[in-house]
Each structure stands twice: as C-alpha cells, then as structure tokens.
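# Tertiary structure, described
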Amino acid sequence: MQTSTRSSLLLKRSLAAVWHPCTQMKQHEWLPLVPVVRGAGCWLYDADGRRYLDAISSWWVNLFGHCHPRINAALVDQLGKLEHVLLAGFSHEPVVELSERLSSATGRALGHCFYASDGASAIEIALKMSFHYWRNRGSPAKTRFVSLAGSYHGETLGALAVTDVRLFKDVYAPLVMASSQVASPDWRLAEKGESAYDYAVRCAGALERHLERHHAETAAFIVEPLVQGASGMAMHDAEYLRRARRICDRYGVHLIADEIMTGFGRTGTFFAFAEAGITPDFLCLSKGITGGYLPLSVVMTRDAVYQAFYDDDVTRGFLHSHSYSGNTLACRAALATLDLFEGERVIEANRVRRSCITAAARPIAQHPRARNFRNTGMIWAFEVETADPSFARHFFAAALEQELLLRPLGNTVYFMPPYVIREDEIELLAARTAALLDALPPD
Ligand SMILES: Cc1ncc(COP(=O)(O)O)c(C=O)c1O
C-alpha cells in the first residue's frame with residue numbers, strides 16, 4: 001500500500017475512533033488531521049514524509065526535542081527494572097530522588113511532593129489541600145478561591161472553577177463551584193503612558209481590596225506567574241507577584257503558583273516565581289517535567305502545610321489519590337530531564353537562544369499586521385490584526401503548509417519552541433512566520 005493511501009486510511013480510522021481534545025470534530029471535514037509517525041529534535045514527520053517544526057513544543061510539554069537520546073536511554077534502562085508500582089504504602093528510587101531534587105530547586109522551601117498525572121489534577125490537589133489545611137487549622141469557612149481574570153488552570157471541574165476563559169467554561173457553569181476573579185496585571189491592559197510595573201502595582205491594589213473584604217472565606221489565590229498562557233500569553237511585571245505574596249501573607253490566604261506552563265525554564269529562570277524572589281505556599285508543576293515524554297504532575301508545599309495534615313486522626317490526612325501517582329517511568333523521565341538541565345547549563349544557554357530568536361523575529365515585531373510583540377524567557381507572542389473570526393484555524397492550516405506547527409490562541413500567535421532549536425531553525429521559523437503575515441488577505 002502507498003504511504004499516502006496508508007495515511008489517509010489512518011486518518012479515517014482516527015476520525016471514526018478517536019475523540020480529539022479541544023476540538024469541534026466537525027471541523028475535520030475540511031481540516032485534515034496530521035498523521036505523525038516520528039519525531040527528532042524540533043521536527044515532527046508525517047506518514048507522507050512531510051515535516052513540521054514544533055514551534056509550540058507539542059502543547060508546551062517538550063523541552064529538549066522529540067526522541068532525545070538521553071531521555072530515551074533512561075526510560076529503556078528503567079523499563080528493565082520497574083515500570084510502575086502504587087505509591088500508597090510503597091516507594092521507589094526515582095520518586096524519592098525526583099522529590100529531593102525538585103525540593104532543592106526551590107531552595108528546600110517546598111519540601112513535600114504530592115504526585116498526579118496531569119496539570120488539571122495538580123490544580124485539583126492544590127485547591128483541596130489548601131481548603132483542607134484551613135479546615136484542619138480551625139478555619140473551615142475558608143472555602144473560596146480567587147484567580148486572575150483570563151486565567152487558565154485546566155479543564156476538570158475544580159480547575160475550571162478557577163479558570164476564566166469563557167469558551168471553555170460557560171457551558172459547564174451549572175456544574176462549577178463559584179470563584180472570584182481579580183484584574184489581570186497583563187500589561188496590554190495598562191492605560192496609555194502607564195508602565196507595566198505601575199499597572200502591576202495598580203492590579204495588586206485590586207487584589208488587596210478583594211482580600212480585605214473576603215479573606216475570612218478565602219482559602220487561596222491562584223496565579224500563573226509572569227505569563228498567563230491559554231488566554232493569549234498575557235505577560236506581567238514580577239512586581240505583581242511580590243505584592244501578591246505580601247498581600248496573601250497579610251490576609252492569611254495561600255498563594256498557589258500554577259507553573260504547569262511557566263516552570264522548567266520557560267520564563268527564563270528555572271521557576272517563574274524566582275524572578276520575583278518569592279516562594280509560593282503551593283507549587284503546581286507538570287507539562288515539561290518529563291521533557292514531554294509521559295504524563296506527570298506534582299504539587300509541592302511548605303512544611304507548615306504538610307504538618308497540618310500529620311495526625312493520628314486519619315480524616316485529617318490528605319486522602320486524595322490517583323492510580324498512576326508517582327509513576328516510576330514518568331519519574332525517571334523527569335530525572336533525565338533534570339540531568340539535562342544541569343549537565344548542559346540550559347538556563348544560561350537559553351539566554352543566548354532568546355536573543356537569537358528575538359533578533360530573528362524583528363521583522364515580525366515591526367510587521368504592520370502584528371501588535372503587542374512581546375517576550376518573556378522562551379515565550380514570544382503577538383496579536384495579528386484581522387477581522388477573520390476563524391483566524392486561528394486558517395493560520396494553523398497555512399503554517400502547516402510552510403512546515404510550521406503554530407497554533408494561535410484566537411488572534412494571538414506565539415512561539416514556545418523546544419530548548420534545542422538551532423539557529424537555522426530559528427531563521428526558518430521567523431522568516432516563514434513573517435511570510436505568513438505578508439500573505440494574509442487584507443482586512
Ligand atoms: C497554566 C496551566 N495550568 C493547568 C493546565 C492544565 O494542564 P493539563 O492540560 O495537563 O491538565 C495548563 C494546560 O495548558 C496550563 O497551561
């Protein structure tokens with residue numbers, strides 16, 4: 001059978017059997033699925049031999065490219081020893097070492113690691129733990145959560161409660177618990193002449209006013225530090241986080257850092273909160289933790305939180321569980337990922353990569369169809385001036401034709417490449433994206 005016949009058969013079978021995520025399946029009547037058969041470095045290859053530069057790290061998970069030899073080797077080694085064991089009543093070397101090394105990465109401020117599989121599960125855990133902490137400490141009225149306008153924390157019901165993206169949330173509103181949103185420090189919303197810093201200070205004032213009134217019933221404030229991803233790569237000044245930390249302390253409210261996207265060097269420092277010189281009470285990690293290989297998430301907390309659950313009374317313990325909690329293979333992939341960070345001085349190397357990408361993207365930043373070109377660490381984003389309500393889908397399809405995997409969020413186009421992107425690949429990404437902008441139909 002010819003490759004193209006085989007791949008079209010696979011696509012037919014996929015559409016018949018697989019319900020794809022975040023997709024109105026009917027759109028696949030005109031937008032074909034891409035049948036990926038292999039990956040190497042920043043590239044994905046389809047069944048017909050076409051290639052695509054993975055400029056969004058496969059939904060922000062892939063840090064070191066596809067099929068990295070060192071992560072592959074670690075997994076092969078682990079497969080010969082132990083693939084998985086339940087974590088209740090049992091332990092294993094990879095989960096212990098991973099917990100110790102993650103704790104070190106927070107300067108040992110967060111020392112207790114609770115594992116799950118996906119980002120949303122980590123958010124569920126952090127919300128439940130915060131509520132349960134206050135209950136164990138004699139404040140059962142603290143049942144509410146605050147998040148930023150435009151925040152995204154995942155799609156399960158608890159995570160959706162603190163998410164503020166109408167497209168994902170509105171239809172499920174009757175199922176979702178109430179939460180409060182405060183102004184986002186997204187600098188695009190600043191007044192004319194107001195700096196990102198000044199706007200962050202103003203928004204921190206709004207958080208303070210909210211907690212002043214509602215601290216007695218508020219368990220935690222949850223935030224995506226420095227970059228709010230899914231609502232359009234909204235970036236803010238670190239001063240917001242500094243002030244939020246102080247305000248949460250003042251009013252006895254937990255600070256939950258959702259670093260599911262921003263963690264592991266994505267914003268420039270290993271964790272985004274470090275840029276502000278603060279430590280959250282809870283840190284949620286996932287996505288890049290395994291280098292994009294296997295589902296794993298973790299919630300890390302302070303000793304004071306852990307101690308509030310440590311008791312003779314079983315019901316004061318945190319009885320939450322997931323079958324694959326602390327999966328051995330996933331932990332081993334995470335250890336190999338940490339090895340790469342340490343062995344290859346990735347954070348430092350990314351500073352050079354960052355300048356190179358910013359320089360290559362200059363024609364995009366100056367393009368008449370691009371607005372608000374911005375960058376934090378290894379994330380670049382801009383809005384495209386367009387009246388096309390289906391811009392995201394059309395641009396995605398046009399980019400695929402140019403061998404680029406770009407998946408705009410509304411009219412926001414962003415780059416979030418793996419940390420192994422080479423100079424020639426950077427040039428290709430920037431030049432072809434600029435050409436895509438040139439080719440846009442006039443409004
Ligand atoms: C900041 C943030 N939190 C939570 C999630 C949910 O993670 P998952 O898709 O693994 O459930 C995401 C996913 O994009 C995210 O970006």
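Structure first, text after, so check above.
Presented here is a report on the structure given in the accompanying data block. Please read all numbers here as calculations on a predicted model, not as lab measurements. (Residues numbered from 1 in each chain as written. Predicted model: local features only at pLDDT ≥ 70, side-chain atom pairs only at ≥ 80, totals over all residues. Heavy atoms only, no water.)

## What to know about the pairing of strand 14 (residues 379-384)
The element strand 14 is extensively covered by neighbouring structure, given that six of its six residues are classed as buried. Burial of strand 14 is two-sided: the residues Ile-379, Ala-381 and Glu-383 facing one way and the residues Trp-380, Phe-382 and Val-384 facing the other way are all buried. Across five bridges, the pairing between strand 13 (residues 370-376) and strand 14 is antiparallel. What sits directly across from Arg-371, in strand 14, is Glu-383. Where strand 13 hands over to strand 14, the hairpin turn is made up of two residues, of which Gly-377 adopts a positive phi near 55°. Pairing between strand 14 and strand 16 (residues 412-415): four bridges, direction antiparallel. Residue pairing for strand 16: Glu-383 is matched across the bridge by Thr-412. (Buried < 20%, exposed > 50% of the residue type's maximum accessible area, 1.4 Å probe, protein only. Helix = DSSP H or I, 4+ residues; strand = E, 2+ residues; numbered from the N terminus. Pairing = 2+ DSSP bridges.)

## Here we look at the site of the ligand
Near the ligand the following residues occur: Trp-60, Asp-118, Gly-119, Ala-120, Tyr-152, His-153, Gly-154, Glu-224, Asp-258, Ile-260, Met-261 and Lys-287. Here an oxygen atom of the ligand sits 2.8 Å away from a polar atom, N or O, in the main chain of Gly-119. Note that an oxygen atom of the ligand is positioned 3.0 Å from one of the side-chain N or O atoms of Lys-287. In isolation the ligand has 390 Å² of accessible area, and contact with the protein removes 83% of it. Of the residues assigned to the shell around the ligand, the class counts are five nonpolar, three polar and four charged. (Near = heavy atom within 4 Å. Polar contact = N/O pair within 3.5 Å; in protein donor to acceptor, adjacent residues only side chain to side chain. Areas by Shrake-Rupley, 256 points an atom, 1.4 Å probe, with all protein chains shown as cover. Nonpolar A, V, L, I, M, F, W, Y, C, P; charged D, E, K, R; others polar.)

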